[in-house]
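Next come the chains, spelled out residue by residue.
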Amino acid sequence: MGWEALAQWGPDAKRIERLTGGVANDVWSVRIDGQSAVGRLGTRGDADLAWEAALLLHLDRHGMSVPVPIPTMDGRLFVDGLVVMKFMDGGPPETAADWRRVADTVRQLHRLTRGWPQRPGWRSSIDLLQAEKGTRIDLTAMPAEAVARCRAAWSRLAEREPCVVHGNPNSPGNVRMTANQVALIDWDETHVDVPELDLVLPHNAAGLTGRTRDIAEQASAAWEAAVCWKDEYAVKRLAEVRPAEEGKGAQAAT
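Residues numbered from 1 in each chain as written. Predicted model: local features only at pLDDT ≥ 70, side-chain atom pairs only at ≥ 80, totals over all residues. Heavy atoms only, no water.

**Quick word on the overall build of the protein chain**
Using the following cut-off: Elements are defined by DSSP. Helices are runs of H or I of four residues or more, strands are runs of E of two residues or more, and each kind is numbered from the N terminus. When we talk radius of gyration, it's over C-alpha atoms, and the globule rule is simply 2.2 Å times the number of residues to the 0.38. For accessible areas, the Shrake-Rupley method is used with a probe of radius 1.4 Å. Any residue's cover is judged against the shown protein chains and nothing else. Residues counted as positive are Lys and Arg, residues counted as negative are Asp and Glu, and His and the chain ends are not counted. A single reference atom marks each charge: NZ on Lys, CZ on Arg, CG on Asp, CD on Glu.
The number of helices and strands found in the protein chain is six helices and 10 strands. What you see for the protein chain is a C-alpha radius of gyration of 19 Å, in line with the 18 Å of a compact globule of 254 residues. Dimensions of the protein chain, computed from C-alpha atoms along their principal axes, come out at roughly 65 × 40 × 35 Å. Put simply, the protein chain shows about 12,300 Å² of open surface, and 50% of that area lies on carbon and sulfur atoms. Counting 30 positive and 35 negative side-chain charges, the protein chain places the centres of these two groups 3 Å from one another.

Below is the structure:
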């Protein structure tokens, strides 16, 4: 159906302007009942969209500022891949203090989602210690030595309690800040995993130190290398992940 589905939000619903930053989706500013909102059209299935909608509504009920889905006239939260969401005011973080507020928000997300079910079709970094594929990751496409590096980095977090991770909170474009709120947007990479993957932030805003910081940085670099393989960015991120045996030595020495 495509953007024709926007009519499900009302006879006056219309697209206004394409928004930048979307990779997997077509994202536009829209107007619903005279109010600004954001429309996102993609190819994710109903189970995936239902998971995301349930998560955002849960976070909203617990006081987080998130782009909650706006229901259609008959109460549906998505139609044929189209979701209409609340417009989030604000701008990106700029200072170290701003990023510390982002870190606090990310940790709130983690606290509120312990025990949350995995996103349909996804695998966590810990699952990938055994599994080879999960949504955007295909370890069979990577050299064996690269897979060994990634798995060694992830294995150091195998005992951590999983929760929902945003997936890309370190990108300024995924944060909207005002004096009174911090909102995370673009939940495309969100899934259940170890919290450290969200905590490698600019200015070390999460306050990680010593071995904890090293393990988080290695795991985060490995995840991004695997997700983006094999573009230039992925190769760069993999270069930051120590060889498996070297990583074991560094762990033992701390």
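**Considerations on the confidence of the model for the protein chain**
To keep it simple, the criterion reads: Note on scores: pLDDT gives the predictor's confidence for each residue, bounded by 0 and 100. In this description, contact between two residues means that some pair of their heavy atoms is separated by no more than 4.5 Å.
Across the protein chain, the average pLDDT comes to 94, with 95% of residues at or above 70. Across residues 249–254, confidence stays below pLDDT 50; counting only partners more than four residues off in sequence or on other chains, it has four contacts.

**Things to note about helix H3 (residues 144–155)**
As a reminder of what qualifies: Residue count minus one, scaled by 1.5 Å, sets the expected span of a helix. Exposure is judged per residue with a 1.4 Å probe applied to protein chains only, and the accessible area is read against the type maximum: over 50% gives exposed, under 20% gives buried, and values in between give partly exposed.
The end-to-end C-alpha separation of H3 is 16 Å, in line with the 16 Å expected for 12 residues at 1.5 Å each. Among all positions in H3, only Ala-146, Val-147, Arg-149, Cys-150, Ala-152, Ala-153 and Trp-154 are buried.

**Side note on the sheet that holds strand S1 (residues 14–18)**
Formally: In short, DSSP must find at least two bridges between two strands for them to pair. All axes here are fitted lines through C-alpha atoms, helices being fitted over the stretch that makes contact, and every angle between N-to-C directions spans 0 to 180 degrees.
Pairing within the open sheet is antiparallel, and its four strands lie in the order S1-S2-S3-S4. Where the open sheet ends on each side, the last strands, each with one partner, are S1 and strand S4 (82–86). Averaged over all pairs of adjacent strands, the angle between their axes in this sheet comes to 35 degrees, without regard to strand direction. Both S1 and strand S2 (residues 26–32) contribute to a ladder of four bridges, which runs antiparallel. By the bridge assignment, Glu-17 is partnered in S2 with Ser-29.

**With respect to the packing of aromatic side chains**
Filter applied, for reference: Here a pair means two rings of Phe, Tyr or Trp (six-membered ring of Trp) with centres within 6.5 Å. Their orientation is stacked below 30 degrees between planes, edge-to-face above 60, and tilted elsewhere.
Taken as a whole and assessed by the stated rule, the structure comprises two aromatic pairs. Both rings, one in Trp-3 and one in Trp-28, keep their centres 6.4 Å apart while their planes meet at 65 degrees; by these two values the pair is edge-to-face. Of the two residues, Trp-3 is situated in the segment before S1 and Trp-28 in strand S2; the sequence distance between them amounts to 25 residues. The pair Trp-3 / Trp-28 is uniform in exposure class, with both members buried.

**Focus: the pattern of salt bridges**
Heads up, the rule is: Every case where a carboxyl oxygen of Asp or Glu lies within 4 Å of a side-chain nitrogen of Lys or Arg is listed as a salt bridge.
Going through the model one piece at a time under the given rule, you end up with 16 salt bridges. Between Glu-145 and Arg-149 there is a salt bridge, with its nearest N and O atoms 2.6 Å apart. Here Glu-145 pairs with Arg-149, and both are found in helix H3, just four residues apart, close to one helical turn. Among the ionic pairs, Glu-196 bridges to Arg-160, the shortest N-O distance being 2.6 Å. On the criterion of sequence distance, the pair formed by Glu-196 in the loop between strand S10 (191–193) and helix H4 (210–228) and Arg-160 in the loop between H3 and strand S7 (163–165) is long-range, its members being 36 residues apart. Several salt bridges share partner residues, and in doing so they unite Arg-40, Arg-44, Asp-48, Glu-52, Arg-119 and Asp-188 into one network.

**Topic: the state of the cysteines**
What we call a disulfide is simply a covalent bond connecting the sulfur atoms of a pair of cysteines. What counts here: The rule for a disulfide is simple: a pair of cysteine sulfur atoms within 2.5 Å.
All told, the structure shown has zero disulfides when counted by the stated rule. For Cys-228, which is in no disulfide, the shortest distance to another cysteine sulfur is to Cys-150 and amounts to 11 Å.

**A few points about the packing of H4 against helix H5 (residues 232–239)**
Operational definition: Our angle categories are set so that under 35 degrees counts as roughly parallel, over 145 as roughly antiparallel, 65 to 115 as roughly perpendicular, and the remainder as oblique. By definition, turning the near helix anticlockwise from the far helix through less than a right angle yields a left-handed crossing, and turning it clockwise yields a right-handed one. All amino acids are sorted into three groups, where Ala, Val, Leu, Ile, Met, Phe, Trp, Tyr, Cys and Pro are nonpolar, Asp, Glu, Lys and Arg are charged, and the leftover types, Gly among them, are polar.
Running from N to C, H4 and H5 point in directions that differ by 150 degrees, and their axes come no closer than 8 Å. In terms of their interaxial angle, H4 and H5 are classed as roughly antiparallel. Crossing of H4 over H5 shows left-handed handedness. For the pair H4 and H5, contact is made by Ser-220, Ala-221, Glu-224, Ala-225 and Cys-228 and by Tyr-233, Ala-234, Arg-237 and Leu-238, respectively. Here the contact of H4 with H5 is composed, by residue class, of six nonpolar, one polar and two charged.

**Notes on the nonpolar core**
Note the following rule: In this text, buried Ala, Val, Leu, Ile, Met, Phe, Trp, Tyr and Cys residues form a nonpolar core when linked through side-chain atoms within 4.5 Å.
The biggest cluster of nonpolar side chains holds 25 residues, and the ones touching the most others in it are Leu-59, Val-66, Val-102 and Trp-187. Contributions of two or more residues to this core are made by helix H1 (46–61), helix H2 (96–112), strand S8 (175–177) and strand S9 (182–184). Ranked by residues supplied to this core, first place goes to H2 with five residues. Residues within four places of Leu-59 in sequence aside, it is in contact with Met-64, Val-66, Leu-109, Leu-112, Thr-113 and Trp-187. Val-147, Ile-215, Ala-226 and Val-241 belong to the second-largest nonpolar core, a separate cluster that totals 23 residues.

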